[in-house]
Amino acid sequence: MSGPSLPPAAFAAPELIQRLRAAVGDAGLVTDPQVLAALTTDWLGKWHGHAAAVVRPADTQEVAAVMKICHDTHTPVVTQGGNTGMSGGATPDASGAQLILSTTRLNRVRQVDPINNTLTADAGVTLAQLHEAALAHDRFFPLSMGSEGSCTLGGNLATNAGGIAVLRYGTARDLVLGVEAVLPDGRIWNGLRALRKDNTGYDLRHLFVGSEGTLGVITGAVVKLYERPTARATAWVGADGLDHLVALLARLRTACGERLAAFEMMSHESLALVLAHTPGLRAPLESRHAYHALVELADTHDFGLGALLESTLGSALADGRIDGAAVCTSDAQSANVWKIREGISHAQVRAGRAIKHDIALPISALPVFVREAEAALRAADPAVHIVNFGHLGDGNLHFNVLLPLDTPPERIHHATLRFNGLVHHLVRAHGGSISAEHGIGQLRRDELPLYKPAFELELMLRIKQILDPNQIMNPGKLL
Ligand code: FAD
Ligand code: MLT
Ligand code: ZN
(Lines give C-alpha, C1' and ligand atoms only; values in the text may rest on other atoms or scores of the structure.)
(Ligands and ions follow the chains in the order given, each with its own letter.)
Protein backbone atom coordinates (compact mmCIF):
# COMPACT_ATOMS: atom_id res chain seq x y z
CA MET A 1 0.00 0.00 0.00
CA SER A 2 1.37 3.45 -0.86
CA GLY A 3 0.13 6.85 0.29
CA PRO A 4 -0.51 9.84 -1.98
CA SER A 5 2.68 11.50 -3.19
CA LEU A 6 3.70 14.11 -5.73
CA PRO A 7 3.84 13.06 -9.39
CA PRO A 8 7.30 12.12 -10.60
CA ALA A 9 9.15 14.88 -12.42
CA ALA A 10 9.47 13.10 -15.74
CA PHE A 11 6.58 11.57 -17.62
CA ALA A 12 6.90 9.03 -20.41
CA ALA A 13 9.24 9.79 -23.25
CA PRO A 14 7.64 12.18 -25.77
CA GLU A 15 8.41 9.68 -28.50
CA LEU A 16 6.29 7.03 -26.82
CA ILE A 17 3.40 9.46 -26.42
CA GLN A 18 3.74 10.41 -30.07
CA ARG A 19 3.55 6.78 -31.21
CA LEU A 20 0.55 6.12 -28.96
CA ARG A 21 -1.19 9.21 -30.30
CA ALA A 22 -0.63 8.00 -33.84
CA ALA A 23 -2.23 4.67 -32.86
CA VAL A 24 -5.32 5.95 -31.04
CA GLY A 25 -5.73 9.57 -32.13
CA ASP A 26 -6.22 12.59 -29.88
CA ALA A 27 -9.52 11.25 -28.51
CA GLY A 28 -7.77 8.12 -27.38
CA LEU A 29 -5.03 9.71 -25.32
CA VAL A 30 -5.54 11.41 -21.96
CA THR A 31 -2.78 13.46 -20.41
CA ASP A 32 -4.95 15.90 -18.41
CA PRO A 33 -3.58 15.66 -14.83
CA GLN A 34 -7.07 15.88 -13.29
CA VAL A 35 -8.39 12.93 -15.27
CA LEU A 36 -5.19 11.04 -14.55
CA ALA A 37 -5.59 11.68 -10.81
CA ALA A 38 -9.04 10.05 -10.79
CA LEU A 39 -7.83 7.01 -12.68
CA THR A 40 -4.68 6.53 -10.63
CA THR A 41 -6.57 6.08 -7.35
CA ASP A 42 -8.78 3.09 -6.61
CA TRP A 43 -12.45 3.11 -5.55
CA LEU A 44 -11.60 2.56 -1.90
CA GLY A 45 -9.08 5.41 -1.92
CA LYS A 46 -6.51 2.97 -0.63
CA TRP A 47 -3.97 2.91 -3.44
CA HIS A 48 -2.53 5.94 -5.22
CA GLY A 49 -0.22 5.67 -8.20
CA HIS A 50 0.97 7.71 -11.16
CA ALA A 51 0.66 7.00 -14.87
CA ALA A 52 2.64 8.13 -17.87
CA ALA A 53 -0.66 8.55 -19.70
CA VAL A 54 -4.03 6.94 -20.20
CA VAL A 55 -4.79 5.41 -23.59
CA ARG A 56 -8.40 4.76 -24.50
CA PRO A 57 -8.46 2.67 -27.69
CA ALA A 58 -11.74 2.69 -29.60
CA ASP A 59 -11.64 -0.90 -30.86
CA THR A 60 -9.72 -4.18 -30.76
CA GLN A 61 -7.40 -3.12 -33.61
CA GLU A 62 -6.38 -0.03 -31.67
CA VAL A 63 -5.75 -2.12 -28.54
CA ALA A 64 -3.53 -4.35 -30.68
CA ALA A 65 -1.60 -1.33 -32.01
CA VAL A 66 -1.08 0.02 -28.48
CA MET A 67 0.10 -3.35 -27.17
CA LYS A 68 2.56 -3.74 -30.06
CA ILE A 69 4.11 -0.38 -29.16
CA CYS A 70 4.24 -1.29 -25.44
CA HIS A 71 5.77 -4.69 -26.20
CA ASP A 72 8.46 -3.15 -28.44
CA THR A 73 9.30 -0.42 -25.91
CA HIS A 74 8.90 -2.61 -22.79
CA THR A 75 6.30 -0.16 -21.48
CA PRO A 76 4.32 -1.61 -18.55
CA VAL A 77 0.53 -1.62 -19.03
CA VAL A 78 -2.24 -1.52 -16.44
CA THR A 79 -5.59 -2.41 -18.01
CA GLN A 80 -8.48 -0.60 -16.39
CA GLY A 81 -12.23 -1.05 -16.79
CA GLY A 82 -14.59 0.66 -14.35
CA ASN A 83 -11.89 1.03 -11.66
CA THR A 84 -14.20 -0.52 -9.04
CA GLY A 85 -11.90 -3.40 -8.08
CA MET A 86 -11.30 -4.07 -4.40
CA SER A 87 -7.68 -5.28 -4.58
CA GLY A 88 -5.84 -2.38 -6.22
CA GLY A 89 -5.40 -4.35 -9.45
CA ALA A 90 -6.23 -1.43 -11.74
CA THR A 91 -4.05 1.18 -9.99
CA PRO A 92 -0.58 1.79 -11.46
CA ASP A 93 2.48 1.93 -9.24
CA ALA A 94 4.13 5.15 -8.07
CA SER A 95 6.85 5.24 -10.75
CA GLY A 96 4.88 7.20 -13.34
CA ALA A 97 6.25 4.82 -15.97
CA GLN A 98 3.16 2.63 -16.33
CA LEU A 99 0.51 3.24 -18.93
CA ILE A 100 -3.19 2.86 -18.12
CA LEU A 101 -5.08 1.18 -20.95
CA SER A 102 -8.67 2.13 -20.29
CA THR A 103 -11.42 0.08 -21.94
CA THR A 104 -14.13 2.73 -21.59
CA ARG A 105 -14.34 3.34 -25.36
CA LEU A 106 -14.72 -0.38 -26.09
CA ASN A 107 -18.40 0.07 -25.42
CA ARG A 108 -20.43 -1.73 -28.07
CA VAL A 109 -22.87 -4.56 -27.50
CA ARG A 110 -22.02 -6.50 -30.64
CA GLN A 111 -24.81 -9.06 -30.78
CA VAL A 112 -27.68 -10.51 -28.77
CA ASP A 113 -28.85 -13.95 -29.91
CA PRO A 114 -32.05 -14.77 -28.01
CA ILE A 115 -32.31 -18.21 -29.64
CA ASN A 116 -28.78 -19.25 -28.67
CA ASN A 117 -29.22 -17.32 -25.40
CA THR A 118 -25.92 -15.47 -25.82
CA LEU A 119 -24.68 -11.91 -25.84
CA THR A 120 -21.44 -10.70 -27.41
CA ALA A 121 -20.02 -7.39 -26.23
CA ASP A 122 -16.90 -5.26 -26.03
CA ALA A 123 -14.99 -5.50 -22.77
CA GLY A 124 -15.74 -1.91 -21.71
CA VAL A 125 -19.53 -2.32 -21.68
CA THR A 126 -20.75 -1.86 -18.12
CA LEU A 127 -22.57 -4.62 -16.31
CA ALA A 128 -25.71 -2.45 -16.10
CA GLN A 129 -25.59 -1.96 -19.90
CA LEU A 130 -25.33 -5.72 -20.36
CA HIS A 131 -28.45 -6.15 -18.22
CA GLU A 132 -30.32 -3.59 -20.36
CA ALA A 133 -29.20 -5.17 -23.63
CA ALA A 134 -30.37 -8.59 -22.47
CA LEU A 135 -33.66 -7.17 -21.20
CA ALA A 136 -34.34 -5.51 -24.57
CA HIS A 137 -34.53 -9.08 -25.95
CA ASP A 138 -36.56 -10.37 -23.00
CA ARG A 139 -33.50 -12.17 -21.68
CA PHE A 140 -31.53 -12.02 -18.43
CA PHE A 141 -27.81 -11.70 -17.68
CA PRO A 142 -27.50 -12.78 -14.05
CA LEU A 143 -24.14 -11.42 -12.87
CA SER A 144 -25.05 -8.68 -10.40
CA MET A 145 -23.28 -6.57 -7.77
CA GLY A 146 -23.36 -3.16 -6.13
CA SER A 147 -20.84 -1.72 -8.61
CA GLU A 148 -22.79 -2.72 -11.73
CA GLY A 149 -23.32 0.87 -12.92
CA SER A 150 -19.55 1.24 -13.40
CA CYS A 151 -17.82 -2.14 -13.51
CA THR A 152 -17.22 -3.61 -16.95
CA LEU A 153 -17.50 -6.96 -18.66
CA GLY A 154 -13.71 -7.10 -19.05
CA GLY A 155 -13.16 -6.27 -15.38
CA ASN A 156 -15.76 -8.82 -14.31
CA LEU A 157 -13.98 -11.53 -16.28
CA ALA A 158 -10.46 -10.43 -15.30
CA THR A 159 -11.44 -10.66 -11.61
CA ASN A 160 -13.83 -13.61 -12.02
CA ALA A 161 -16.40 -11.48 -10.21
CA GLY A 162 -19.04 -13.05 -8.01
CA GLY A 163 -21.80 -10.92 -6.51
CA ILE A 164 -25.32 -11.71 -5.40
CA ALA A 165 -26.46 -14.34 -7.89
CA VAL A 166 -23.63 -16.87 -7.70
CA LEU A 167 -25.51 -19.51 -5.73
CA ARG A 168 -27.86 -19.96 -8.67
CA TYR A 169 -25.88 -18.94 -11.76
CA GLY A 170 -22.21 -19.16 -10.76
CA THR A 171 -19.37 -16.63 -11.03
CA ALA A 172 -18.27 -14.72 -14.14
CA ARG A 173 -16.26 -17.81 -15.13
CA ASP A 174 -19.42 -19.91 -15.28
CA LEU A 175 -21.15 -17.35 -17.47
CA VAL A 176 -18.55 -16.87 -20.21
CA LEU A 177 -18.54 -18.91 -23.44
CA GLY A 178 -15.98 -17.06 -25.50
CA VAL A 179 -13.22 -14.48 -25.11
CA GLU A 180 -11.42 -12.14 -27.47
CA ALA A 181 -8.10 -10.88 -26.14
CA VAL A 182 -5.08 -8.93 -27.30
CA LEU A 183 -1.88 -10.61 -26.23
CA PRO A 184 0.97 -8.57 -24.75
CA ASP A 185 2.82 -8.56 -28.11
CA GLY A 186 -0.20 -7.13 -29.93
CA ARG A 187 -1.55 -10.32 -31.50
CA ILE A 188 -5.33 -10.70 -31.41
CA TRP A 189 -6.79 -14.00 -30.20
CA ASN A 190 -10.36 -14.40 -31.42
CA GLY A 191 -11.94 -16.97 -29.15
CA LEU A 192 -15.43 -15.52 -29.46
CA ARG A 193 -17.19 -18.87 -29.67
CA ALA A 194 -20.86 -18.98 -28.71
CA LEU A 195 -20.86 -22.70 -27.96
CA ARG A 196 -21.88 -24.62 -24.85
CA LYS A 197 -19.92 -27.63 -26.03
CA ASP A 198 -16.41 -27.44 -27.52
CA ASN A 199 -13.96 -30.19 -26.61
CA THR A 200 -11.10 -29.27 -28.91
CA GLY A 201 -8.36 -29.17 -26.33
CA TYR A 202 -7.26 -26.76 -23.60
CA ASP A 203 -9.92 -24.16 -22.93
CA LEU A 204 -7.91 -20.95 -23.23
CA ARG A 205 -10.78 -18.63 -22.32
CA HIS A 206 -10.37 -19.70 -18.70
CA LEU A 207 -6.75 -18.49 -18.67
CA PHE A 208 -8.02 -14.95 -19.05
CA VAL A 209 -10.77 -15.30 -16.46
CA GLY A 210 -9.24 -14.29 -13.13
CA SER A 211 -5.99 -13.16 -14.81
CA GLU A 212 -6.33 -9.61 -13.41
CA GLY A 213 -4.75 -7.95 -16.41
CA THR A 214 -1.52 -9.98 -16.17
CA LEU A 215 -1.82 -12.03 -19.38
CA GLY A 216 -3.35 -9.69 -21.94
CA VAL A 217 -6.23 -7.32 -22.58
CA ILE A 218 -9.69 -8.84 -22.82
CA THR A 219 -11.39 -6.88 -25.62
CA GLY A 220 -14.67 -8.76 -25.95
CA ALA A 221 -16.60 -11.77 -24.74
CA VAL A 222 -19.61 -13.99 -25.38
CA VAL A 223 -21.72 -14.58 -22.28
CA LYS A 224 -24.67 -16.81 -21.47
CA LEU A 225 -28.17 -15.39 -21.18
CA TYR A 226 -31.09 -16.90 -19.29
CA GLU A 227 -34.86 -16.71 -19.20
CA ARG A 228 -35.96 -13.56 -17.45
CA PRO A 229 -37.30 -14.14 -13.93
CA THR A 230 -40.45 -12.02 -13.78
CA ALA A 231 -41.63 -13.19 -10.35
CA ARG A 232 -39.75 -12.56 -7.13
CA ALA A 233 -40.37 -13.03 -3.43
CA THR A 234 -38.02 -11.37 -0.97
CA ALA A 235 -37.70 -11.72 2.79
CA TRP A 236 -35.59 -10.48 5.67
CA VAL A 237 -34.66 -12.97 8.35
CA GLY A 238 -33.26 -12.51 11.86
CA ALA A 239 -31.25 -15.26 13.57
CA ASP A 240 -29.46 -15.41 16.87
CA GLY A 241 -26.68 -17.68 15.60
CA LEU A 242 -24.92 -18.15 12.28
CA ASP A 243 -25.61 -21.88 12.50
CA HIS A 244 -29.33 -21.01 12.31
CA LEU A 245 -28.80 -19.24 8.99
CA VAL A 246 -26.71 -22.10 7.61
CA ALA A 247 -29.50 -24.53 8.53
CA LEU A 248 -32.07 -22.21 6.93
CA LEU A 249 -30.05 -22.12 3.71
CA ALA A 250 -30.15 -25.94 3.51
CA ARG A 251 -33.89 -25.94 4.23
CA LEU A 252 -34.57 -23.34 1.54
CA ARG A 253 -32.55 -25.30 -0.99
CA THR A 254 -34.57 -28.42 -0.26
CA ALA A 255 -37.91 -26.61 -0.36
CA CYS A 256 -37.28 -24.20 -3.24
CA GLY A 257 -34.52 -25.80 -5.36
CA GLU A 258 -33.40 -23.62 -8.27
CA ARG A 259 -35.82 -20.88 -7.26
CA LEU A 260 -33.49 -19.82 -4.47
CA ALA A 261 -31.84 -16.82 -6.13
CA ALA A 262 -30.07 -14.99 -3.27
CA PHE A 263 -29.01 -15.68 0.28
CA GLU A 264 -27.04 -12.72 1.61
CA MET A 265 -25.98 -12.40 5.25
CA MET A 266 -25.05 -9.50 7.49
CA SER A 267 -24.23 -9.29 11.18
CA HIS A 268 -26.02 -6.93 13.53
CA GLU A 269 -22.95 -4.61 13.42
CA SER A 270 -23.07 -4.49 9.60
CA LEU A 271 -26.77 -3.61 9.65
CA ALA A 272 -26.23 -0.92 12.29
CA LEU A 273 -23.39 0.54 10.21
CA VAL A 274 -25.50 0.86 7.04
CA LEU A 275 -28.45 2.34 8.89
CA ALA A 276 -26.21 4.89 10.61
CA HIS A 277 -24.52 5.99 7.38
CA THR A 278 -27.30 5.78 4.78
CA PRO A 279 -30.21 8.17 5.07
CA GLY A 280 -33.70 6.88 4.26
CA LEU A 281 -33.27 3.20 5.16
CA ARG A 282 -35.30 1.40 7.80
CA ALA A 283 -34.49 -1.74 9.81
CA PRO A 284 -36.75 -4.44 8.33
CA LEU A 285 -37.36 -6.13 11.74
CA GLU A 286 -38.00 -4.38 15.03
CA SER A 287 -36.34 -7.14 17.03
CA ARG A 288 -32.56 -7.26 17.42
CA HIS A 289 -30.67 -10.32 16.13
CA ALA A 290 -27.01 -11.25 15.92
CA TYR A 291 -27.36 -12.09 12.21
CA HIS A 292 -29.67 -11.20 9.38
CA ALA A 293 -30.25 -12.68 5.95
CA LEU A 294 -31.77 -11.32 2.78
CA VAL A 295 -33.45 -14.22 1.01
CA GLU A 296 -34.89 -14.07 -2.48
CA LEU A 297 -36.76 -16.58 -4.62
CA ALA A 298 -37.18 -15.95 -8.34
CA ASP A 299 -38.89 -17.71 -11.22
CA THR A 300 -40.01 -17.10 -14.77
CA HIS A 301 -43.64 -17.32 -13.67
CA ASP A 302 -45.28 -16.74 -10.30
CA PHE A 303 -46.06 -20.28 -9.19
CA GLY A 304 -46.87 -19.04 -5.68
CA LEU A 305 -43.37 -17.94 -4.76
CA GLY A 306 -44.56 -15.72 -1.90
CA ALA A 307 -46.53 -18.57 -0.33
CA LEU A 308 -43.58 -20.96 -0.72
CA LEU A 309 -41.23 -18.50 0.96
CA GLU A 310 -43.71 -17.78 3.74
CA SER A 311 -44.36 -21.44 4.50
CA THR A 312 -40.64 -22.34 4.48
CA LEU A 313 -39.73 -19.46 6.76
CA GLY A 314 -42.82 -20.14 8.90
CA SER A 315 -41.76 -23.72 9.57
CA ALA A 316 -38.19 -22.59 10.39
CA LEU A 317 -39.63 -20.05 12.84
CA ALA A 318 -41.88 -22.66 14.41
CA ASP A 319 -38.89 -25.01 14.87
CA GLY A 320 -36.92 -22.20 16.49
CA ARG A 321 -34.33 -22.40 13.72
CA ILE A 322 -34.70 -18.70 12.99
CA ASP A 323 -35.85 -15.98 15.30
CA GLY A 324 -37.61 -13.41 13.14
CA ALA A 325 -38.76 -13.05 9.54
CA ALA A 326 -40.64 -10.59 7.35
CA VAL A 327 -41.65 -11.31 3.76
CA CYS A 328 -41.64 -8.11 1.69
CA THR A 329 -45.13 -7.17 0.54
CA SER A 330 -44.26 -4.31 -1.81
CA ASP A 331 -41.57 -3.28 -4.28
CA ALA A 332 -40.64 -0.48 -1.87
CA GLN A 333 -39.94 -3.00 0.89
CA SER A 334 -37.83 -5.17 -1.42
CA ALA A 335 -35.93 -2.10 -2.60
CA ASN A 336 -35.29 -1.14 1.03
CA VAL A 337 -33.74 -4.49 1.96
CA TRP A 338 -31.59 -4.57 -1.19
CA LYS A 339 -30.42 -1.00 -0.51
CA ILE A 340 -29.39 -2.13 2.97
CA ARG A 341 -27.41 -5.01 1.54
CA GLU A 342 -25.75 -2.99 -1.20
CA GLY A 343 -25.08 -0.04 1.09
CA ILE A 344 -22.53 -1.81 3.27
CA SER A 345 -19.48 -1.05 1.09
CA HIS A 346 -20.29 2.66 0.95
CA ALA A 347 -21.07 2.76 4.69
CA GLN A 348 -17.70 1.17 5.47
CA VAL A 349 -15.86 3.77 3.40
CA ARG A 350 -17.72 6.57 5.22
CA ALA A 351 -17.32 5.05 8.67
CA GLY A 352 -13.69 4.06 8.85
CA ARG A 353 -10.70 2.25 7.42
CA ALA A 354 -11.70 -1.30 6.59
CA ILE A 355 -9.23 -4.15 6.81
CA LYS A 356 -10.99 -6.44 4.36
CA HIS A 357 -11.02 -10.23 4.31
CA ASP A 358 -12.84 -11.60 1.28
CA ILE A 359 -12.80 -15.26 2.19
CA ALA A 360 -14.41 -18.48 1.01
CA LEU A 361 -15.06 -21.52 3.20
CA PRO A 362 -17.14 -24.66 2.96
CA ILE A 363 -20.60 -23.44 4.03
CA SER A 364 -20.73 -26.10 6.74
CA ALA A 365 -17.54 -24.67 8.30
CA LEU A 366 -18.77 -21.06 8.49
CA PRO A 367 -20.25 -21.03 12.04
CA VAL A 368 -17.17 -22.60 13.66
CA PHE A 369 -14.82 -20.42 11.63
CA VAL A 370 -16.63 -17.23 12.65
CA ARG A 371 -16.63 -18.25 16.32
CA GLU A 372 -12.90 -18.95 16.24
CA ALA A 373 -12.00 -15.90 14.17
CA GLU A 374 -14.01 -13.53 16.37
CA ALA A 375 -12.38 -15.00 19.47
CA ALA A 376 -8.90 -14.62 17.96
CA LEU A 377 -9.51 -10.99 16.95
CA ARG A 378 -11.03 -10.10 20.33
CA ALA A 379 -8.09 -11.71 22.12
CA ALA A 380 -5.78 -9.50 20.07
CA ASP A 381 -7.89 -6.37 20.60
CA PRO A 382 -10.94 -6.50 22.91
CA ALA A 383 -12.37 -3.34 21.28
CA VAL A 384 -12.12 -4.69 17.71
CA HIS A 385 -15.02 -3.61 15.43
CA ILE A 386 -15.88 -6.59 13.23
CA VAL A 387 -18.07 -6.02 10.16
CA ASN A 388 -19.10 -9.45 8.94
CA PHE A 389 -21.36 -9.78 5.91
CA GLY A 390 -21.40 -11.50 2.57
CA HIS A 391 -22.70 -14.09 0.21
CA LEU A 392 -23.51 -16.86 2.68
CA GLY A 393 -25.14 -18.95 -0.03
CA ASP A 394 -21.70 -19.19 -1.70
CA GLY A 395 -19.69 -19.67 1.49
CA ASN A 396 -18.18 -16.20 0.89
CA LEU A 397 -17.77 -13.85 3.84
CA HIS A 398 -16.53 -10.27 3.89
CA PHE A 399 -15.09 -10.66 7.37
CA ASN A 400 -13.78 -7.14 7.86
CA VAL A 401 -12.28 -5.16 10.69
CA LEU A 402 -13.16 -1.47 10.80
CA LEU A 403 -10.66 1.00 12.26
CA PRO A 404 -11.59 4.61 13.08
CA LEU A 405 -11.24 7.10 10.20
CA ASP A 406 -8.44 8.97 11.93
CA THR A 407 -6.26 5.88 12.52
CA PRO A 408 -2.65 6.79 11.61
CA PRO A 409 -1.26 4.92 8.55
CA GLU A 410 1.41 3.20 10.63
CA ARG A 411 -1.21 1.73 12.95
CA ILE A 412 -3.38 0.64 10.01
CA HIS A 413 -0.34 -1.12 8.59
CA HIS A 414 0.44 -3.03 11.78
CA ALA A 415 -3.20 -3.90 12.49
CA THR A 416 -3.58 -5.15 8.90
CA LEU A 417 -0.60 -7.50 9.19
CA ARG A 418 -1.75 -8.77 12.56
CA PHE A 419 -5.44 -9.30 11.70
CA ASN A 420 -4.70 -10.74 8.25
CA GLY A 421 -2.44 -13.32 9.86
CA LEU A 422 -5.04 -14.34 12.43
CA VAL A 423 -7.95 -14.54 9.98
CA HIS A 424 -6.12 -16.19 7.11
CA HIS A 425 -4.51 -18.76 9.37
CA LEU A 426 -8.01 -19.92 10.37
CA VAL A 427 -9.22 -19.74 6.77
CA ARG A 428 -6.47 -22.18 5.80
CA ALA A 429 -7.19 -24.41 8.80
CA HIS A 430 -10.80 -24.75 7.63
CA GLY A 431 -9.90 -25.46 3.99
CA GLY A 432 -10.82 -22.00 2.69
CA SER A 433 -9.47 -19.38 0.27
CA ILE A 434 -8.04 -15.93 1.08
CA SER A 435 -9.72 -14.45 -2.00
CA ALA A 436 -13.25 -15.52 -2.84
CA GLU A 437 -14.22 -12.90 -5.43
CA HIS A 438 -12.05 -9.76 -5.21
CA GLY A 439 -8.86 -11.26 -6.63
CA ILE A 440 -5.28 -10.77 -5.48
CA GLY A 441 -4.21 -7.50 -7.14
CA GLN A 442 -1.68 -5.69 -4.94
CA LEU A 443 -3.72 -6.32 -1.79
CA ARG A 444 -2.85 -10.00 -1.37
CA ARG A 445 0.21 -10.35 -3.60
CA ASP A 446 2.67 -10.72 -0.73
CA GLU A 447 0.42 -13.17 1.12
CA LEU A 448 -0.37 -15.41 -1.87
CA PRO A 449 2.81 -17.52 -1.59
CA LEU A 450 1.89 -18.31 2.01
CA TYR A 451 -1.46 -19.82 1.05
CA LYS A 452 -1.11 -21.12 -2.52
CA PRO A 453 0.93 -24.26 -3.19
CA ALA A 454 4.37 -23.40 -4.62
CA PHE A 455 3.80 -25.78 -7.53
CA GLU A 456 0.63 -23.96 -8.60
CA LEU A 457 2.39 -20.62 -8.39
CA GLU A 458 5.27 -21.96 -10.46
CA LEU A 459 2.87 -23.12 -13.19
CA MET A 460 1.15 -19.73 -13.15
CA LEU A 461 4.52 -17.97 -13.54
CA ARG A 462 5.46 -20.25 -16.45
CA ILE A 463 2.19 -19.49 -18.23
CA LYS A 464 2.77 -15.78 -17.64
CA GLN A 465 6.31 -16.11 -19.07
CA ILE A 466 5.00 -17.71 -22.28
CA LEU A 467 2.33 -15.10 -22.91
CA ASP A 468 4.15 -12.05 -21.56
CA PRO A 469 7.91 -12.60 -21.99
CA ASN A 470 8.67 -8.89 -21.50
CA GLN A 471 6.66 -8.86 -18.25
CA ILE A 472 4.74 -5.74 -19.22
CA MET A 473 1.22 -6.76 -18.17
CA ASN A 474 0.22 -5.31 -14.80
CA PRO A 475 3.57 -5.71 -13.02
CA GLY A 476 3.32 -5.86 -9.25
CA LYS A 477 -0.13 -7.46 -9.28
CA LEU A 478 -1.20 -11.02 -8.57
CA LEU A 479 2.16 -12.77 -9.19
P1 FAD B 1 -11.16 -2.70 -12.66
O2 FAD B 1 -11.37 -2.30 -11.27
O3 FAD B 1 -11.01 -1.60 -13.65
O4 FAD B 1 -10.05 -3.76 -12.82
C5 FAD B 1 -9.98 -4.87 -11.97
C6 FAD B 1 -8.87 -5.82 -12.45
O7 FAD B 1 -9.20 -6.35 -13.73
C8 FAD B 1 -7.51 -5.14 -12.62
O9 FAD B 1 -6.51 -6.06 -12.32
C10 FAD B 1 -7.48 -4.81 -14.11
O11 FAD B 1 -6.16 -4.74 -14.62
C12 FAD B 1 -8.23 -5.98 -14.70
N13 FAD B 1 -8.97 -5.66 -15.93
C14 FAD B 1 -10.01 -4.79 -16.06
N15 FAD B 1 -10.47 -4.82 -17.33
C16 FAD B 1 -9.70 -5.71 -18.00
C17 FAD B 1 -9.67 -6.17 -19.36
N18 FAD B 1 -10.53 -5.71 -20.27
N19 FAD B 1 -8.74 -7.08 -19.71
C20 FAD B 1 -7.86 -7.55 -18.80
N21 FAD B 1 -7.83 -7.15 -17.51
C22 FAD B 1 -8.75 -6.25 -17.12
N23 FAD B 1 -16.94 -7.77 -6.73
C24 FAD B 1 -17.51 -8.98 -6.63
O25 FAD B 1 -16.94 -9.97 -7.11
N26 FAD B 1 -18.72 -9.15 -6.00
C27 FAD B 1 -19.41 -8.11 -5.47
O28 FAD B 1 -20.47 -8.29 -4.89
C29 FAD B 1 -18.84 -6.81 -5.59
N30 FAD B 1 -19.50 -5.74 -5.11
C31 FAD B 1 -18.94 -4.51 -5.23
C32 FAD B 1 -19.64 -3.41 -4.74
C33 FAD B 1 -19.09 -2.14 -4.83
C34 FAD B 1 -19.85 -0.96 -4.30
C35 FAD B 1 -17.80 -1.97 -5.43
C36 FAD B 1 -17.19 -0.62 -5.56
C37 FAD B 1 -17.11 -3.07 -5.91
C38 FAD B 1 -17.66 -4.34 -5.82
N39 FAD B 1 -16.98 -5.46 -6.32
C40 FAD B 1 -17.57 -6.70 -6.23
C41 FAD B 1 -15.64 -5.34 -6.92
C42 FAD B 1 -15.61 -4.95 -8.43
O43 FAD B 1 -16.74 -4.26 -8.83
C44 FAD B 1 -15.40 -6.15 -9.32
O45 FAD B 1 -14.14 -6.71 -9.03
C46 FAD B 1 -15.46 -5.87 -10.82
O47 FAD B 1 -15.43 -7.11 -11.50
C48 FAD B 1 -14.33 -5.00 -11.34
O49 FAD B 1 -14.66 -4.53 -12.64
P50 FAD B 1 -13.99 -3.20 -13.21
O51 FAD B 1 -14.41 -3.05 -14.63
O52 FAD B 1 -14.29 -2.05 -12.33
O53 FAD B 1 -12.46 -3.59 -13.14
C1 MLT C 1 -20.09 -6.85 -1.52
O2 MLT C 1 -20.41 -8.02 -1.41
O3 MLT C 1 -20.84 -5.92 -1.15
C4 MLT C 1 -18.79 -6.54 -2.18
O5 MLT C 1 -18.04 -7.62 -2.50
C6 MLT C 1 -18.11 -5.28 -1.83
C7 MLT C 1 -17.33 -5.24 -0.54
O8 MLT C 1 -16.81 -6.24 -0.08
O9 MLT C 1 -17.18 -4.13 -0.02
ZN1 ZN D 1 -19.08 -9.44 -2.16
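Since the structure is predicted, the reported quantities are computational estimates derived from the model, not experimental observations.

Caption draft 1: Representation of the overall build of the protein within the structure. When helices and strands are counted, the protein shows 17 helices and 19 strands. Expressed along its principal axes, the backbone C-alpha trace of the protein runs to roughly 75 × 55 × 45 Å. When burial is assessed residue by residue, the protein has 53% of its 479 residues classed as buried. In the protein, the proportion of contacts linking residues at least 24 apart, taken out of those at least 6 apart, comes to 76%. For the protein, the accessible area works out to roughly 20,400 Å², and carbon and sulfur atoms hold 55% of it. Here the protein carries 41 positive and 47 negative side-chain charges, and the mean point of each set is 2 Å from the other.

Caption draft 2: Here's a closer look at the coordination of the zinc ion (ligand 3). The zinc ion (ligand 3) binds to the protein through His391 (NE2), His398 (NE2) and Glu437 (OE); the donor distances cover 1.9 to 2.1 Å. Binding-site remark: the zinc ion (ligand 3) is held by donors from one chain whose sequence spacing is H-x6-H-x38-E. Like histidine 391, the residue histidine 398 is buried in the burial classification.

Caption draft 3: Main features of the site of ligand 1. Thr79, Gly81, Thr84, Ser147 and Thr152 are the nearest of the 37 residues found near ligand 1. The separation between an oxygen atom of ligand 1 and a polar main-chain atom of asparagine 83 is 2.9 Å. Measuring from an oxygen atom of ligand 1, one finds a backbone N or O atom of glutamate 212 at 3.2 Å. Listing elements by their share of the shell around ligand 1, those giving two or more residues are β3 (77-80), α5 (153-158), β10 (217-224) and α13 (344-351). No other element matches the 4 residues that α5 contributes to the shell around ligand 1. Class assignment for the residues of the shell around ligand 1 results in 10 nonpolar, 25 polar and 2 charged.

Caption draft 4: Up close: the pairing of strand β13 (residues 260-267). Of all 8 residues in β13, 8 are buried, a share of seventy percent or more. The pairing of β13 with strand β14 (residues 291-299) spans 7 bridges and is antiparallel. Paired with leucine 260 across the bridge in β14 is leucine 297. Strand direction decides the pairing type here: β13 and strand β18 (residues 386-391), joined by 2 bridges, are antiparallel. Within β18, the residue paired with methionine 265 across the bridge is glycine 390.

Thresholds applied
- Residues numbered from 1 in each chain as written.
- Chains lettered and ligands numbered in written order.
- Predicted model: local features only at pLDDT ≥ 70, side-chain atom pairs only at ≥ 80, totals over all residues.
- Heavy atoms only, no water.
- Helix = DSSP H or I, 4+ residues; strand = E, 2+ residues; numbered from the N terminus.
- Buried < 20%, exposed > 50% of the residue type's maximum accessible area, 1.4 Å probe, protein only.
- Contact = heavy atoms within 4.5 Å.
- Areas by Shrake-Rupley, 256 points an atom, 1.4 Å probe, with all protein chains shown as cover.
- Lys, Arg positive; Asp, Glu negative; His and termini not counted.
- Charge placed at Lys NZ, Arg CZ, Asp CG, Glu CD.
- Donors = N, O, S within 2.8 Å, 3.2 Å for Na, K, Ca; no water.
- Near = heavy atom within 4 Å.
- Polar contact = N/O pair within 3.5 Å; in protein donor to acceptor, adjacent residues only side chain to side chain.
- Nonpolar A, V, L, I, M, F, W, Y, C, P; charged D, E, K, R; others polar.
- Pairing = 2+ DSSP bridges.

Function cannot be read off these values alone, since they describe shape.
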